[in-house]
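Chain residues, written in single-letter form:
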Amino acid sequence: MENAPQYLMENKEEIERLERKTDRVALERQAAWAGLQAGMRVGDMGCGPGLTTRFLFEMAQPGGTAVGVDLSAERIAHAAAKHGTDGLTFVRHNLVKPVTGIGNFDFIWARFMLEYNRGRAFEIVQNLTRLLNPGGILCLIDLDYNCLNHFEMPAPLMSALRGITRRLEETADFDPYVGIKLYSFLYDLGFEAIDMMMAPHHLIFGQLKEVDAFNWTKKLEIAVVRSGYDFPEFAGGYRQFAEEFQKFFADPRRFTYTPLIACRGRRPGSIG
Ligand SMILES: C[S@@+](CC[C@H](N)C(=O)[O-])C[C@H]1O[C@@H](n2cnc3c(N)ncnc32)[C@H](O)[C@@H]1O
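Overview of the structure. The structure presented is a predicted model; accordingly, all values stated were derived computationally and were not measured. (Residues numbered from 1 in each chain as written. Predicted model: local features only at pLDDT ≥ 70, side-chain atom pairs only at ≥ 80, totals over all residues. Heavy atoms only, no water.)

### Considerations on the nonpolar core
Moving on, step 1. Counting 28 residues, the largest nonpolar core has Met153, Leu157, Ile164, Phe231, Phe241 and Phe245 as the members making the most contacts within it.
Moving on, step 2. Put simply, the parts of the chain that give this core at least two residues each are α6 (155–171), α8 (210–227) and α9 (237–250).
Moving on, step 3. Broken down by element, this core gets its largest block of residues, six residues, from α6.
Moving on, step 4. Those residues within four positions of Leu157 in sequence are excluded, and the remaining contacts are Phe234, Phe241, Glu244, Phe245 and Phe248. (Core = buried A, V, L, I, M, F, W, Y, C linked by side-chain atoms within 4.5 Å. Buried < 20%, exposed > 50% of the residue type's maximum accessible area, 1.4 Å probe, protein only. Helix = DSSP H or I, 4+ residues; strand = E, 2+ residues; numbered from the N terminus. Contact = heavy atoms within 4.5 Å.)

### Regarding the packing of helix α1 (residues 14–21) against α8
Packed helices, taken two at a time, are described by the angle their axes make and the gap between the axes.
Moving on, step 1. Closest axis-to-axis distance for the α1/α8 pair is 10 Å, and the angle between their directions is 140°. For the pair α1 and α8, the sense of crossing is left-handed. Across the interface between the two elements, Glu16, Arg17, Arg20 and Lys21 of α1 pack against Glu210, Val211, Phe214, Asn215, Lys218 and Lys219 of α8.
Moving on, step 2. In terms of residue class, the contact of α1 with α8 is made up of two nonpolar, one polar and seven charged. (Axes fitted to C-alpha atoms, helices over the stretch in contact; angles between N-to-C directions. Left-handed = near helix turned anticlockwise from the far one by under 90°. Nonpolar A, V, L, I, M, F, W, Y, C, P; charged D, E, K, R; others polar.)

### Structural notes on the environment of Glu244
Moving on, step 1. Looking at where Glu244 falls in the secondary structure, it is placed in helix α9.
Moving on, step 2. Among the residues examined, Glu244 registers a relative accessible area of 33% and is labelled partly exposed.
Moving on, step 3. Taking the C-alpha atoms as reference, Glu244 lies 7.6 Å from Leu157; in sequence the two are 87 residues apart.
Moving on, step 4. Apart from the residues within four sequence positions on either side, Glu244 is in contact with Leu157 and Phe234.

### A few points about unusual backbone geometry
When glycine is set aside, most residues are seen to have a negative phi, and most peptide bonds are trans.
Moving on, step 1. A cis amide bond, omega 0°, links Gln61 with the succeeding residue Pro62.
Moving on, step 2. Following the sequence through the fold, Pro62 ends up in the loop between α3 (51–59) and β2 (65–70).
Moving on, step 3. Here the bond from Phe151 into Glu152 is cis, since omega is 5°, no more than 30 degrees from zero.
Moving on, step 4. Note that Glu152 resides in the loop between β6 (149–151) and α6.
Moving on, step 5. Unusually for a residue other than glycine, Cys147 sits at a positive phi of about 70°.
Moving on, step 6. Topologically, Cys147 is positioned in the loop between β5 (132–143) and β6.
Moving on, step 7. Positive phi is not limited to glycine here, since His202 has a value of about 50°.
Moving on, step 8. For His202, the location among the structural elements is in strand β7 (residues 192–204).
Moving on, step 9. A relative accessible area of 9% means that His202 is categorised as buried.

Here is the structure:
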């Protein structure tokens with residue numbers, strides 16, 4: 001795909017990171033809340049390595065089908081090889097562009113994807129809306145104050161974290177606050193039966209779990225380095241920041257969370 005934008009978290013271990021952090025129980029709770037039912041045709045937009053699409057497909061049985069869409073050729077190839085089967089397919093596409101050729105859906109799911117498309121999030125939601133059957137459900141799930149809530153984080157670390165986030169907003173199209181905007185997207189597009197749900201995400205306290213250590217180490221190695229932030233708070237630059245962050249994060253006294261916000265609604269027949 002020419003001119004495909006660089007996804008902020010792109011790295012050789014991204015498939016592993018996404019698979020390891022996918023919590024099936026949480027996903028099933030969210031999808032059931034949103035109204036996913038057996039027999040539906042499901043679209044998983046920004047599907048990553050396809051594990052979420054597989055779980056949604058299984059929830060849509062008997063009789064349902066699912067299509068996973070992602071801009072990464074590598075993740076789509078992996079998803080197709082590992083999960084592809086009758087009724088479960090994967091397509092490479094950049095969702096900022098209108099999507100054609102994959103049919104319409106009864107249930108569209110977009111989780112942790114809009115946060116990487118700060119400037120084009122509403123356009124993407126418009127594109128997804130056009131793919132819904134009348135009465136079809138759109139479920140958007142993302143985060144607010146993404147990665148920014150930690151107690152009791154030393155002031156230099158907090159200052160650097162805010163600086164990194166600002167850089168990522170300006171240069172990498174990252175939106176750490178997209179969760180708070182989801183309701184307005186569905187409201188402005190005339191969705192009906194809109195409902196909202198909040199849940200904790202990154203709920204980290206006590207002994208650091210292996211899965212969280214891996215996920216946050218990747219965030220440091222990939223997103224923080226890619227931000228280009230120059231770390232005026234630390235004489236030793238990125239290396240010192242990373243060491244002090246890891247030390248803070250490994251301390252069982254720290255408390256970290258990110259609010260997850262889910263918004264679902266039904267497409268009325270009239271949207272063009
Ligand atoms: C953090 S992963 C989320 C994976 C999965 N949705 C989940 O809930 O675990 C974000 C995925 O969205 C994809 N993505 C980001 N922007 C996209 C776009 N504009 N079009 C298609 N896929 C996109 C990335 O390639 C990546 O695989």
